[in-house]
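# Results of the structural survey
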Amino acid sequence: RVKVKNNSPVMAQCSILQSVMRLEGWDLHIRPTEFLLKPRDSIDLEMSYAPSNRMLPFTEDLKIEVAGITRTLMVVNGSAVGVELKLDSDMVFFGAVVAHSRTVRRVQLENVGDI
């Protein structure tokens, strides 16, 4: 959550819609996108980041428009790394196993992800 406060003595009609549409391409969602702030009032912007796959690092300005004037409200940085593990084979065959005995097969687990 990010708190936005109107320190002026007049009401302010605010919009971050243009920036939010750009940020949604990075799977970053911010609500509300348009809001009215009374004098000395504040509002919480709720941000959620839920990438569906790996994402290279990015930096985007979140701009706010108030009374026709656009300013940078904050700078958003993000990235998404993936953990991916791979076995050296798709199946492991044990053959016939007698009850109460054991057999051992070694497998190799490889980390092919970012971490």
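As shown above, the structure is provided for reference.
Residues numbered from 1 in each chain as written. Predicted model: local features only at pLDDT ≥ 70, side-chain atom pairs only at ≥ 80, totals over all residues. Heavy atoms only, no water.

## Some thoughts on the sheet that holds strand β4 (residues 34–37)
- Within the open sheet, the 4 strands sit side by side as β4-β2-β6-β7. Their pairing is antiparallel. Here the strands that pair on one side only, and so sit at the sheet edges, are β4 and β7 (69–80). Recorded for the sheet is a direction-independent mean angle of 20° between the axes of neighbouring strands.
- Where strand β6 (residues 55–66) meets β7, 10 bridges bridge the pair, whose relative direction is antiparallel. Residue pairing in the sheet places Asp61 in a bridge with Val75 of β7. (Pairing = 2+ DSSP bridges. Helix = DSSP H or I, 4+ residues; strand = E, 2+ residues; numbered from the N terminus. Axes fitted to C-alpha atoms, helices over the stretch in contact; angles between N-to-C directions.)

## Remarks on the environment of Val97
- If you trace the backbone, Val97 turns up in the loop between β8 (85–87) and β9 (109–111).
- What makes Val97 partly exposed here is its relative accessible area of 46%. (Buried < 20%, exposed > 50% of the residue type's maximum accessible area, 1.4 Å probe, protein only.)

## Thoughts on the pattern of salt bridges
- Summed over the entire model, instances satisfying the criterion amount to 6 salt bridges.
- Across the pair Glu46 and Arg1 runs a salt bridge whose closest N-O atoms are separated by 3.3 Å. In this pair, Glu46 is assigned in strand β5 (residues 42–49) and Arg1 in the segment before β1 (2–5), connecting sequence segments 45 residues apart.
- According to the relative accessible area criterion, Glu46 is partly exposed, its value standing at 42%. (Salt bridge = Lys/Arg side-chain N within 4 Å of Asp/Glu carboxyl O.)

## Considering the environment of Leu36
- Inspection of the secondary structure assignment puts Leu36 in strand β4.
- Accessibility expressed as a relative area gives 45% for Leu36, which makes it partly exposed.
- Separated by 30 residues in sequence, Leu36 and Val66 place their C-alpha atoms 9.8 Å apart.
- If we skip the residues at most four places from it in the chain, Leu36 touches Met11, Ala12 and Gln13. (Contact = heavy atoms within 4.5 Å.)

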